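Descriptive analysis of the structure
Given next are the chains, with one letter for each unit.
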Amino acid sequence: MAVLAKDRLAARNDLAWAISVGGIGAVAFAVLVLFTWYYSATLFLIFAGILLGVALNAMTNMLGRVVELAHSLRLIIVCLVLAGLLSGVVFLGGATIAQQAVVLSDTIKSQLVVVKAFLEKNGIDTSYFELGNVSATADSPTPATSAAPTHNLPSAGAIASGGGAIVSQTLKLLLGTVSAVGNFFIVLFLGLTFAAQPGVYRTGLLFMAPARHRARTTVIVDRIGDTLERWLIAQIITMFAVFLVTWIGLTIIGIQSSFILGIQAGLLAFIPTVGALIGGLIVVLASLASGWVAAASAFALFLGVHALESYILTPIIQRHALDIPPATLFAFQILLGVVFGIWGLALALPLMAIVKVMINHFKAEEIAADAVAA
């Protein structure tokens, strides 16, 4: 009887321990989810800085295959080359980019108004566009005689409300600009610091893992780093190719703002599937101002660029980097885009790559364990 009582006591202790550990684990997981939800923008910003550091480190390692220099010197050379290219684009084409950006913005706005008017003419509700009543100015009758203009001074309340609105919009613009510039420099600083001493951060990350799992963590971290490096280099090549082909093609067609459209197409190529669709829509919409023939030619160019990216560049350049089914990637993009906004949409692919590396590693271990057991 004494032995049976001891067994019951041990079973109760084990059950209490399991319940305690499970409860603590559930609470810790809930806290982690809430932390990720509330600070998602900051976490994505840090992750973007890590990706920049991985890209700089990858280019530094590629330079090391050509010249035998210290890592810091090679990183300085890579940064100087990138800064020189960016400065050259800004100084040689800065005025052109600014002019084309203004022209593109005006063209997109006017074409959206035309599309809205066309849809309203065919009985389609377009109130969700929030572009105002397009036909208001065109359909409003012009009075034959206008009353003599009055020069009444505005009231103090009108002046105060107008001044408050101006101050509010100015503050919003300034805060938005400061936030964007601040985020850019945060990503740049994180990328440079990560690329300057990648071994230090790798060692620190491995040190946080439990000793018994450190070997497995080392393998996973190294595989994630190699995968992201190969993918980033391939993605940079793809983005440059999309920019070049789009720019040259639109220039041949005779589309205004071809250079800025090529830049936005190259940048949006970083976001698979969704980025290409958005870039193609912008290109076609901007081409409508030049006529239906130009718009059809731009649409054909978009299909050609998309085929080049999807069926030639991605299979050839990225065949050793990532192998994720398109439907899975698109579903993951939509999920992160809805939950976390533009950050989730832009960084869905590298996050999916990390998850895939971890799943492949654990599946390989499971298969190896089953083979040994058999």
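Up top is the structure.
The rules behind each value
- Residues numbered from 1 in each chain as written.
- Predicted model: local features only at pLDDT ≥ 70, side-chain atom pairs only at ≥ 80, totals over all residues.
- Heavy atoms only, no water.
- 1 Å grid on protein atoms, 1.4 Å probe; cavity = no way out; pocket = protein on both sides within 12 Å on 5 of 7 lines; lining within 4 Å.
- Points joined across faces, edges and corners; volume = space filled by probe spheres on them.
- Helix = DSSP H or I, 4+ residues; strand = E, 2+ residues; numbered from the N terminus.
- Nonpolar A, V, L, I, M, F, W, Y, C, P; charged D, E, K, R; others polar.
- Polar contact = N/O pair within 3.5 Å; in protein donor to acceptor, adjacent residues only side chain to side chain.
- Axes fitted to C-alpha atoms, helices over the stretch in contact; angles between N-to-C directions.
- Parallel < 35°, antiparallel > 145°, perpendicular 65-115°, else oblique.
- Left-handed = near helix turned anticlockwise from the far one by under 90°.
- Contact = heavy atoms within 4.5 Å.
- Salt bridge = Lys/Arg side-chain N within 4 Å of Asp/Glu carboxyl O.
- Phe/Tyr/Trp six-rings, centres within 6.5 Å; stacked < 30°, edge-to-face > 60°.
- Buried < 20%, exposed > 50% of the residue type's maximum accessible area, 1.4 Å probe, protein only.
- Core = buried A, V, L, I, M, F, W, Y, C linked by side-chain atoms within 4.5 Å.

Any space left empty among the atoms is revealed by the rolling of a water-sized probe across them. Taken as a whole, the largest pocket holds about 2200 Å³ of empty space. In terms of lining, the largest pocket is formed by 40 residues, of which the most central are Leu 52, Leu 82, Leu 86, Met 239 and Leu 267. The leading source of residues in the lining of the largest pocket is helix α3 (residues 71–121), at ten residues. For the lining of the largest pocket, the class distribution of residues is 37 nonpolar, three polar and no charged. Looking at the second largest pocket, its volume works out to about 1300 Å³. Contributing to the lining of the second largest pocket are 36 residues, with Ile 50, Leu 205, Ile 224, Leu 228 and Ile 354 lying nearest its centre. Only α2 (40–64), α5 (156–196), α6 (198–207), α7 (214–253), α11 (326–340) and α13 (348–373) provide two or more residues apiece to the lining of the second largest pocket. Considering every element that reaches the lining of the second largest pocket, the biggest residue donor is α7, with ten residues.

Inspection of the secondary structure puts His 361 in helix α13. Within the local environment of His 361, its side chain forms a polar contact with the side chain of Arg 223, the two groups lying 3.3 Å apart.

Before going further, it helps to spend a moment on the packing of α11 against α13. When two helices pack together, their arrangement is given by the angle between the helix axes and by the axis-to-axis distance. For the pair α11 and α13, interaxial distance at closest approach is 9 Å and the crossing angle is 120°. Classed by the angle they form, the pair α11 and α13 counts as oblique. Judged by the twist between their axes, the crossing of α11 over α13 is right-handed. For the pair α11 and α13, the contacting residues are Thr 328, Leu 329, Phe 332, Gln 333 and Leu 336 in the first and Ala 348, Leu 349, Leu 351 and Met 352 in the second. Residues that form the contact of α11 with α13 fall into these classes: seven nonpolar, two polar and no charged.

On to the pattern of salt bridges. One pass over the structure, following the stated rule, counts one salt bridge. Residue Arg 202 pairs with Asp 222 through a salt bridge whose shortest N-O separation is 2.8 Å. Here Asp 222 lies in helix α7 and Arg 202 lies in helix α6, a separation of 20 residues in the sequence.

Turning our attention to the side chain of Asn 57. Along the polypeptide, Asn 57 turns up in helix α2. At 3.0 Å, the side chain of Asn 57 forms a polar contact with the side chain of Glu 229. Contacts of Asn 57, omitting those with residues within four sequence positions, involve His 71, Ala 195, Pro 198 and Glu 229.

Let us now look at the packing of aromatic side chains. In total, this model carries ten aromatic pairs according to the counting rule given. Ring geometry for Phe 35 versus Tyr 39: centroids 5.0 Å apart, planes at 40°, classification tilted. Judged by its relative accessible area of 43%, Phe 35 falls in the partly exposed class. Aromatic pair Phe 240 and Phe 243: ring centres 6.2 Å apart, planes at 50°, arrangement tilted.

Attention now moves to the nonpolar core. In terms of nonpolar packing, the biggest core is built from 34 residues, with Leu 232, Leu 250 and Leu 347 touching the most fellow members. Going through the elements one at a time, α2, α7, α8 (258–268), α9 (274–287), α10 (292–317) and α13 are the ones with two or more residues in this core. Looking at this core, the element that brings in the most residues is α7, giving eight residues.

Moving on to empty space enclosed by the protein. What the rule picks out here adds up to one cavity of 30 Å³ or more. Looking at the largest cavity, its volume works out to about 160 Å³. Elements with a minimum of two residues in the lining of the largest cavity: α7, α8, α9 and α10. Looking at the lining of the largest cavity element by element, the count peaks at six residues for α10. For the lining of the largest cavity, the class distribution of residues is ten nonpolar, five polar and one charged.

We now examine the environment of Ile 46. Tracing the backbone through its elements, the reader meets Ile 46 in helix α2. With a relative accessible area of 36%, Ile 46 lands in the partly exposed category. With 145 residues separating them in the primary sequence, Ile 46 and Gly 191 have C-alpha atoms 9.1 Å apart.

Structurally, the position occupied by Gly 191 is in helix α5. Between the C-alpha atoms of Gly 191 and Leu 56, which are 135 residues apart in sequence, the distance is 7.5 Å. Excluding its chain neighbours within four sequence positions, the residues that come into contact with Gly 191 are Gly 49, Leu 52, Gly 53 and Leu 56.

The values reported here are purely geometric and, on their own, carry no functional implication.
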